[in-house]
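In case you want the letters, here they are:
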Amino acid sequence: MTLFQPDYNIYFDSSDLTSASNCLSKYGYCVIKSVMPLTWVEELKLEIDEVIDPSGNLPNASNRYHMMFAEESRVLWRLMDHSPYLNFLKMIHGNDSICLHRSAAILRSSGEGMGNWHKDHRGHITYPKTANDILNRLSIPSGCWFYLNGSHPDRSGIAVIEKSHFEDWKGPEGYQLTAEGSSFRPIDATDDSACNWMDVPGCIAICSEPGDIICFASRTFHANMATNERRYSCGFGFRSKKDRIKAPWSLPLTSKALTARLDFKYQTYLDGYTGFDGSWTSVTN
Ligand SMILES: [Fe+2]
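Residues numbered from 1 in each chain as written. Predicted model: local features only at pLDDT ≥ 70, side-chain atom pairs only at ≥ 80, totals over all residues.

Asker: It is not clear to me how the overall build of the protein chain should be interpreted in this structure. Could you clarify?
Answerer: The number of helices and strands found in the protein chain is 6 helices and 12 strands. For the protein chain, whose C-alpha radius of gyration is 18 Å, the value lies close to the compact-globule estimate of 19 Å for 285 residues. With the C-alpha coordinates of the protein chain rotated into their principal frame, the extents come out at 55 × 45 × 45 Å. Expressed as a percentage of the 285 residues in the protein chain, the buried residues total 39%. Pairs at least 24 apart in sequence give 79% of the contacts found in the protein chain among residues at least 6 apart. (Helix = DSSP H or I, 4+ residues; strand = E, 2+ residues; numbered from the N terminus. Rg over C-alpha atoms; globule rule 2.2 N^0.38 Å. Buried ≥ 20, exposed ≤ 12 C-beta atoms within 10 Å, placed from the backbone. Contact = placed C-beta atoms within 7 Å.)

Shown next, in the form of structure tokens:
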């Protein structure tokens, strides 16, 4: 399988995070191998089933999200005692004191097509209107994601555009950013719809194993590849406590419940946590 594969190394052991960080800086993404034990991977899948699809009725060709998965998961918090993951956090945040920024889980079913190419960073939005606009403004990797089935273009997972993480990036050759700025489209397209196909200059179809972390920079363009199996993934992201965020929504009850149940040794990670209110919209803009 040579299609959409890089001609440089993107795979790094958790003992070689300097090289991983260099790859992230140069190309906008990297894969850290075997960060999570495979037994935890299976437990996480069960947690995602319980939280997102407890009745097992997710239709074919669809998806469901949970946007505060760390509030429900117990397995994710084990990572905070697991040196490969802690070393990864140190690679991202240095010696800064950190707090939980956001987390999510996604369940997808077979038959779902490829998603639109996009970046998660919302720093180009002058007047934030949604919770994503408020939270996704920092230059910290937005993709620190566990693809619990692994990632492969034959089954699904993530594809990225190499070197698309620079602030002045204008789109792949032959394409231009959409008017809103989070996606791109062919230059000669007759409308502003976002592109959702693989055959784009710079496209890399990431291949990874369960337990690996796929990491990409805050502005790296990415897309979910077409899904050919029931797929589980989750993300767990932190930020420096120096980056205070005054969220315009009230701390959700579920976030307060997390504070109540989480072991004392992890409470430091909740100092600054805002939760996520997907129903919040700005009333002034
Ligand atoms: Fe995304």
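Asker: Even after reading the chapter, I still don't get the sheet that holds strand β11 (residues 222-224), so can you show me in this structure?
Answerer: In spatial order, the strands read β9-β6-β11; together these 3 strands make up an open sheet with antiparallel pairing. Here the strands that pair on one side only, and so sit at the sheet edges, are β9 (203-205) and β11. Direction aside, neighbouring strands of the sheet carry axes that sit 25° apart on average. Pairing of strand β6 (residues 158-161) with β9, which is carried by 3 bridges, proceeds in the antiparallel orientation. Directly across from Ala159, in β9, lies its bridge partner Ala205. (Pairing = 2+ DSSP bridges. Axes fitted to C-alpha atoms, helices over the stretch in contact; angles between N-to-C directions.)

Asker: So what exactly am I meant to see when it comes to the environment of Lys265 here?
Answerer: Structurally, Lys265 can be placed in the segment after α6 (253-261). Sequence separation of Lys265 and Met80 is 185 residues, and the distance between their C-alpha atoms is 9.6 Å.

Asker: Hey, could you run me through unusual backbone geometry in this one?
Answerer: Excluding glycine, most residues fall at negative phi; most peptide bonds, likewise, are trans. The backbone of Phe4 shows a phi angle near 60°, a positive value even though the residue is not glycine. Tracing the backbone shows Phe4 in the segment before β1 (11-13). Phe4 gets classed as partly exposed once you count the C-beta atoms within 10 Å, which come to 18. Of note, the phi angle at Ala61 is positive, near 55°, even though the residue is not glycine. Here Ala61 lies in the loop between α2 (38-52) and β3 (63-66). Residue Ala61 is classed as exposed on the basis of its 12 C-beta neighbours within 10 Å.

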